[in-house]
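# Analysis of the macromolecular model
Next come the chains, spelled out residue by residue.
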Amino acid sequence: MRKVAIVGAGQAGLQLAHGLLQKGFSVTLVSDRTPEQFEQGRVLSTQCIFGDGLDTERRLGLNHWEGQGGEVETFSVNVAHPGVPGERLMHFSSPLEFHGHAVDQRVKFAGWLRAFQEAGGTVVMQAATPESVDDLAATHDLTLISAGKGDLGKLFRKNPERTPYDAPQRQCSLVYVRNAAPRKNGQGVSANLIPGAGEIFIIPGLTQDEQGRPLAYDSLLFEAIPGGPMDIFRDVKDPQELTAKLKDYIQQVIPWEAERLKDAELTDAQAWLMGGVKPEVRFPVATLPSGRPVMGLGDTVIVNDPITGQGSGTAAKAADHYLTRILERGDQPFDEAWMTQTFEDFYNDYAQFTCMWTNAMLAPPPEHVLNYFGAAQNVPSLAGLFCNAFNRPRTLFPWLGDPQAAADLVAEHTARAQANA
Ligand SMILES: Cc1cc2nc3c(=O)[nH]c(=O)nc-3n(C[C@H](O)[C@H](O)[C@H](O)COP(=O)(O)OP(=O)(O)OC[C@H]3O[C@@H](n4cnc5c(N)ncnc54)[C@H](O)[C@@H]3O)c2cc1C
């Protein structure tokens, strides 16, 4: 029986731990939080995962909360008018071919951690250090670090060629609210782009109420350009006050979202989060003082700004990819060459598109992207292509970075729509 140690019980670490345990591996999972600490702690994310990412969980039977609420069936994009406050310049939306789902990570990680222990996995409750990681590496065939944005990530060197920014590009403010009215055109994500200020995302999700019953909620995620007109919430110290201020801002700047949020209130006292995320891609292998290699997984080696809602989905897909490669490895050693190749294949086949797209979204949209959005208002297939790319970011390329390819695509879809009219 091969022995694998995983440090960090989050989206990637828990998912891979379950996958390996199901395949007969001896798995040690190091978590710095108990299930109760997850449940009672602050929210961690908006965690919306789209169809293909959810499939990786379903294949392991980890979709414990499916069908209980919070599903994401549609996606809509609004661009606020830069010259007329409170007006929309553009709007398009589309049903999602494969529905998304957001399960409060406090609930999900607590549930998955308990299920892992019940299934016979070994859990070590500890905040791992480089020294304790070295001890694990000495006694396991493979040691993975999936500690998210935690300090252990510093073991892994930044890859400067894949990291265009050296500071957070947005200041995030997040609350979960209940009692929003249902959407008129299906439950889904609403992305609101406010030129020069940032973005506001309203995302359905599922959490639990005080009695542990399923509770549907909406995330209000503000992504403010640092120093810009939306960057006014940094000093708020109280979640109720933050909720009131975010609702007030919505009323003033994107009033088309305000009516259904009229009675919305914080789901619980811990349902708020503030801060910035520094986008970074790191090299996948760290060498410990003993000379042993360990491998990074999830946010530890690929961190994206939340603006495209890709982090959990990418972590889920990375866990799925690593699982396949570990199983294929049979009895051969998990050496540095294997670690590097496993990561590179994931990056080249999938993650590079997520990173390129996310980093592009952090810059002001170029003209060809605004032209695409303009055309998508009248051509449903263009709207569908963009909205469904949240599931498959690769489909945004090459047009996202290539004005001619974008013009050709718009012309092709527009002509087809006119022919079918
Ligand atoms: C505001 C915000 C909104 C977001 N919205 C979305 C979204 O809508 N969709 C999406 O896909 N992604 C979203 N993300 C990103 C997503 O939450 C992360 O990318 C994802 O959780 C990463 O998974 P992971 O397993 O790599 O890390 P995590 O899920 O962060 O898990 C890391 C785990 O390691 C533990 N840990 C840390 N240090 C140690 C240590 N020393 N020892 C032991 N354990 C340790 C942590 O406690 C945690 O349990 C968002 C992020 C933010 C900040």
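Everything here concerns the structure above.
The structure reproduced in this document is the subject of the present report. Nothing here was measured: the structure is a model prediction, and the numbers come from that model.

## Here we look at the sheet that holds strand E2 (residues 26-31)
Taken in spatial order, the six strands of this open sheet run E6-E2-E1-E7-E16-E15, and their pairing is mixed. At either end of the open sheet lies a strand with only one pairing partner, and these are strand E6 (122-125) and strand E15 (285-287). Averaged over all pairs of adjacent strands, the angle between their axes in this sheet comes to 25°, without regard to strand direction. With five bridges joining them, strand E1 (residues 3-7) and E2 adopt parallel strand pairing. Bridge assignment links Val7 to a residue of E2, and that residue is Val30.

## With respect to the nonpolar core
Residues Phe75, Phe222, Met230, Tyr372, Phe373, Phe386 and Trp399 are the most contacted members of the largest nonpolar core, which totals 70 residues. Beyond its immediate stretch of four places on either side in the chain, Trp399 contacts His368, Val369, Tyr372, Phe386, Ala405, Ala406 and Leu409. Counting 61 residues, the second largest nonpolar core, distinct from the first, contains Val30, Ala286, Tyr347 and Tyr350.

## Points about the site of the ligand
In the vicinity of the ligand lie 33 residues, with Asp32, Ser45, Thr46, Asp299 and Ser312 positioned nearest. Measuring from a nitrogen atom of the ligand, one finds a backbone N or O atom of Gly311 at 3.2 Å. Between the ligand and the protein, one listed contact pairs an oxygen atom with a backbone N or O atom of Gly313 at 3.2 Å. Relative to its unbound accessible area of 1000 Å², the ligand is 91% covered by the protein chains. One can see that the ligand is located within the largest pocket. Only helix H1 (11-22), helix H4 (105-118) and helix H7 (311-328) provide two or more residues apiece to the shell around the ligand. Ranked by residues supplied to the shell around the ligand, first place goes to H7 with four residues. Looking at the shell around the ligand, its residues break down into 14 nonpolar, 16 polar and three charged.

Rules used throughout
Residues numbered from 1 in each chain as written. Predicted model: local features only at pLDDT ≥ 70, side-chain atom pairs only at ≥ 80, totals over all residues. Heavy atoms only, no water. Pairing = 2+ DSSP bridges. Helix = DSSP H or I, 4+ residues; strand = E, 2+ residues; numbered from the N terminus. Axes fitted to C-alpha atoms, helices over the stretch in contact; angles between N-to-C directions. Core = buried A, V, L, I, M, F, W, Y, C linked by side-chain atoms within 4.5 Å. Buried < 20%, exposed > 50% of the residue type's maximum accessible area, 1.4 Å probe, protein only. Contact = heavy atoms within 4.5 Å. Near = heavy atom within 4 Å. Polar contact = N/O pair within 3.5 Å; in protein donor to acceptor, adjacent residues only side chain to side chain. Areas by Shrake-Rupley, 256 points an atom, 1.4 Å probe, with all protein chains shown as cover. 1 Å grid on protein atoms, 1.4 Å probe; cavity = no way out; pocket = protein on both sides within 12 Å on 5 of 7 lines; lining within 4 Å. Sits in = over half its atoms within 2 Å of the grid points. Nonpolar A, V, L, I, M, F, W, Y, C, P; charged D, E, K, R; others polar.

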